[in-house]
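The residues making up each chain are set out below.
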Amino acid sequence: MYLSSIVCHMPNNNSRRNALKNLAAGTAALGVLPLAGMAFGQPAQKKSSALKGNVNHSVCRWCFNNLSVDELCTEVKKLGFSAIDLVGPKDWDTLKKHGVFSSMCNGAEINLVNGWNDPQYHNTLIKHYTEHIDLVAKAGYNNLICFSGNRNGMDDETGLKNCVQGLKQVIGLAEKRGVILQMELLNSKVNHKDYMCDKTPWGVELCKRLGSPNFKLLYDIYHMQIDEGDVISTIKTYHTYLGHYHTAGVPGRHEIDDTQELYYPAIIKAIVSTGFKGYLAQEFIPAKADKLASLKEAIQICDV
């Protein structure tokens, strides 16, 4: 377009011919001949499909239950990464067969609503987590998810004290075995009514009271956009307490493309800028027919 606009302003045909010769020679000398291809909407060069290496990508197992664990392992390797989130001990052998890492282990929790904030579940949770911390460590993994549980009328301070009381019974073993317990932040507005750990400051206060490098928060971008917003600022302020990230589109928890309100490239750049070296796992529920194409697109969006 720039070339044609110059030519159109030449006074006569001879001048146009001379200008074209000179411009063609100049572009060849500068090595910018691929501009001709760009005029038709084609890139000058085919971009490499390799991931940049700034982000450790993963995907949550439950979002792709249409595939077996074996099949999902094969597909993530095709996409250029090698980690799957929220996989328990029974499937670790399958992951290892494919050289895929269990980036967030699960299976020790009772459920999402009966958690560490209620002392009546402490004995069960202490038993489960003691066993799973050893299993995770022996398998060569290092992240194990946990949950606060629902409020059931409980105030924030009581919930904090109860969580500290229970988690202190297992955090020493986690430190000894090199396992990080990660409590997930979930929204209580749409998906998990009454869940206690629904605000980043509450979770950060729990981290401070436990005072252990082996207790972190799993910052779910989707959930925290719903409950508190201000995602990038929150990440920059509290990043030292955030040990893992999940994604999904808002609203609806579907693809993280331009159909939703979050701009993920900027969010992921903010995460990378904090020096984060952990995992970012896709946890959206594909709404499109080609679910794996949606996953591929999400990985490309987040590969900043």
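Residues numbered from 1 in each chain as written. Predicted model: local features only at pLDDT ≥ 70, side-chain atom pairs only at ≥ 80, totals over all residues. Heavy atoms only, no water.

Student: How should the overall build of the protein be read in this particular structure?
Tutor: Each helix and strand in the protein was counted, giving 12 helices and 8 strands. Put simply, the protein has 304 residues, and 47% of those count as buried. At a minimum sequence separation of 6, the contacts of the protein that also span at least 24 residues come to 73%. Working note: accessible area of the protein is about 15,000 Å², and carbon and sulfur atoms make up 53% of it. (Helix = DSSP H or I, 4+ residues; strand = E, 2+ residues; numbered from the N terminus. Buried < 20%, exposed > 50% of the residue type's maximum accessible area, 1.4 Å probe, protein only. Contact = heavy atoms within 4.5 Å. Areas by Shrake-Rupley, 256 points an atom, 1.4 Å probe, with all protein chains shown as cover.)

Student: Explain helix H8 (residues 200-210) to me, please; I cannot follow it from the model alone.
Tutor: Those residues of H8 not exposed but buried are Thr 200, Trp 202, Gly 203, Val 204, Leu 206, Cys 207 and Leu 210. Along its buried surface, H8 packs onto helix H7 (156-177), strand E5 (180-184), strand E6 (215-220), helix H9 (221-227) and helix H10 (231-238). Of the residues flanking the end of H8, it is Gly 211, one or two places downstream, whose phi is positive at about 60°.

Student: Just checking my understanding: could you explain the nonpolar core for this structure?
Tutor: For soluble globular proteins, the rule of thumb is that nonpolar side chains tend to be buried together. Within the largest apolar cluster, 82 residues are counted, with the highest numbers of intra-cluster contacts made by Leu 181, Met 183, Leu 206, Phe 215 and Ile 221. Residue contacts for Leu 181: discarding those within four places in its chain leaves Tyr 129, Ile 133, Leu 144, Leu 167, Val 170, Ile 171, Ala 174, Asn 214, Phe 215 and Lys 216. (Core = buried A, V, L, I, M, F, W, Y, C linked by side-chain atoms within 4.5 Å.)

Student: Would you explain the confidence of the model for the protein in this entry?
Tutor: A low pLDDT score tells you not to read the predicted coordinates there in detail. With 84% of its residues at a pLDDT of 70 or more, the protein shows a mean pLDDT of 88. Every residue in residues 1-48 scores below 50 in pLDDT, and together they form 13 contacts with partners more than four places removed in sequence or on other chains. (pLDDT = per-residue confidence, 0-100.)

Student: Just to check I follow, could you spell out the environment of Ser 148 for this structure?
Tutor: For Ser 148, the location among the structural elements is in the loop between strand E4 (143-146) and H7. Judged by its relative accessible area of 0%, Ser 148 falls in the buried class. Separated by 15 residues in sequence, Ser 148 and Cys 163 place their C-alpha atoms 7.2 Å apart. Not counting chain neighbours up to four residues away, the residues in contact with Ser 148 comprise Gly 115, Trp 116, Asn 117, Met 183, Tyr 195, Met 196, Cys 197 and Trp 202. A distance of 3.0 Å separates the side chain of Ser 148 from the backbone nitrogen of Cys 197, its partner in a polar contact. (Polar contact = N/O pair within 3.5 Å; in protein donor to acceptor, adjacent residues only side chain to side chain.)

Student: Hey, could you run me through the pattern of salt bridges in this one?
Tutor: When charged atoms on two side chains of opposite charge get close, those side chains can pair. In the structure shown here, the tally under the stated rule is 14 salt bridges. Across the pair Arg 151 and Asp 198 runs a salt bridge whose closest N-O atoms are separated by 3.6 Å. Here Arg 151, found in the loop between E4 and H7, pairs with Asp 198, found in the loop between E5 and H8; they are 47 residues apart in sequence, far enough to count as distant. A salt bridge links Asp 198 to Lys 199; the nearest nitrogen and oxygen atoms lie 3.7 Å apart. By relative accessible area, Asp 198 is classed as buried at 6%. (Salt bridge = Lys/Arg side-chain N within 4 Å of Asp/Glu carboxyl O.)

Student: Quick question: what am I supposed to make of the packing of helix H6 (residues 122-139) against H7 here?
Tutor: Two packed helices can be described by the angle between their axes and the distance between those axes. Put simply, H6 and H7 touch, their axes get as near as 10 Å, and they point 20° apart. With respect to their mutual orientation, H6 and H7 come out roughly parallel. Read as a crossing pair, H6 and H7 show a hand that is right-handed. Where H6 approaches H7, its residues His 122, Ile 126, Tyr 129, Thr 130, Ile 133, Asp 134, Ala 137 and Lys 138 are matched on the opposing element by Asn 162, Gln 165, Gly 166, Gln 169, Val 170, Leu 173, Ala 174 and Arg 177. Here the residues of the contact of H6 with H7 are counted per class, giving 7 nonpolar, 6 polar and 3 charged. (Axes fitted to C-alpha atoms, helices over the stretch in contact; angles between N-to-C directions. Parallel < 35°, antiparallel > 145°, perpendicular 65-115°, else oblique. Left-handed = near helix turned anticlockwise from the far one by under 90°. Nonpolar A, V, L, I, M, F, W, Y, C, P; charged D, E, K, R; others polar.)

Student: Explanation requested: unusual backbone geometry in the structure shown.
Tutor: Working note: non-glycine residues mostly have negative phi, and peptide bonds are mostly trans. Between Val 250 and Pro 251 the backbone carries a cis peptide bond, its omega angle lying at -5°. Along the chain, Pro 251 falls in the loop between strand E7 (242-247) and helix H11 (264-273). Residue Leu 86 is not a glycine yet carries a positive backbone phi of 60°. A relative accessible area of 15% means that Leu 86 is categorised as buried. In the Ramachandran plot, Arg 253 falls in the positive-phi region, its phi being about 65° despite a non-glycine side chain. For Arg 253, the location among the structural elements is in the loop between E7 and H11. Residue Arg 253 is classed as buried on the basis of its relative accessible area of 9%.

Student: Explanation requested: the packing of aromatic side chains in the structure shown.
Tutor: Geometrically, a pair of aromatic rings is defined through the distance of the ring centres and the angle of the planes. In this structure the tally under the stated criterion is 7 aromatic pairs. Seen in terms of ring centroids, Trp 116 and Tyr 129 are 5.5 Å apart; in terms of plane orientation they differ by 55°. Their pairing is tilted. Pair noted here: Trp 116 is in the loop between strand E3 (101-105) and H6 and Tyr 129 is in helix H6, with a separation of 13 residues, a long-range link. Exposure class is identical for Trp 116 and Tyr 129. Each is buried. When the centroid spacing of 4.9 Å and the interplanar angle of 90° are considered together, the rings of Tyr 245 and Phe 276 count as edge-to-face. Linking Tyr 245 in strand E7 with Phe 276 in the loop between H11 and strand E8 (279-282), this pair joins segments that are 31 residues apart in sequence. Three or more aromatic residues joined by ring pairs form one cluster here, namely Trp 92, Phe 101, Tyr 141 and Tyr 279. (Phe/Tyr/Trp six-rings, centres within 6.5 Å; stacked < 30°, edge-to-face > 60°.)

Student: What exactly am I supposed to notice about the packing of H7 against H8 here?
Tutor: Two elements in contact, H7 and H8, have axes whose closest approach is 10 Å; the angle formed by their N-to-C orientations is 40°. Between H7 and H8, the interaxial angle falls into the category oblique. Between H7 and H8 the crossing geometry is right-handed. On H8, the residues touching Asp 156, Glu 157, Gly 159, Leu 160, Lys 161, Cys 163, Val 164, Leu 167 and Lys 168 of H7 are Trp 202, Glu 205, Leu 206, Arg 209 and Leu 210. Tallied by class, residues from the contact of H7 with H8 come to 7 nonpolar, 1 polar and 6 charged.

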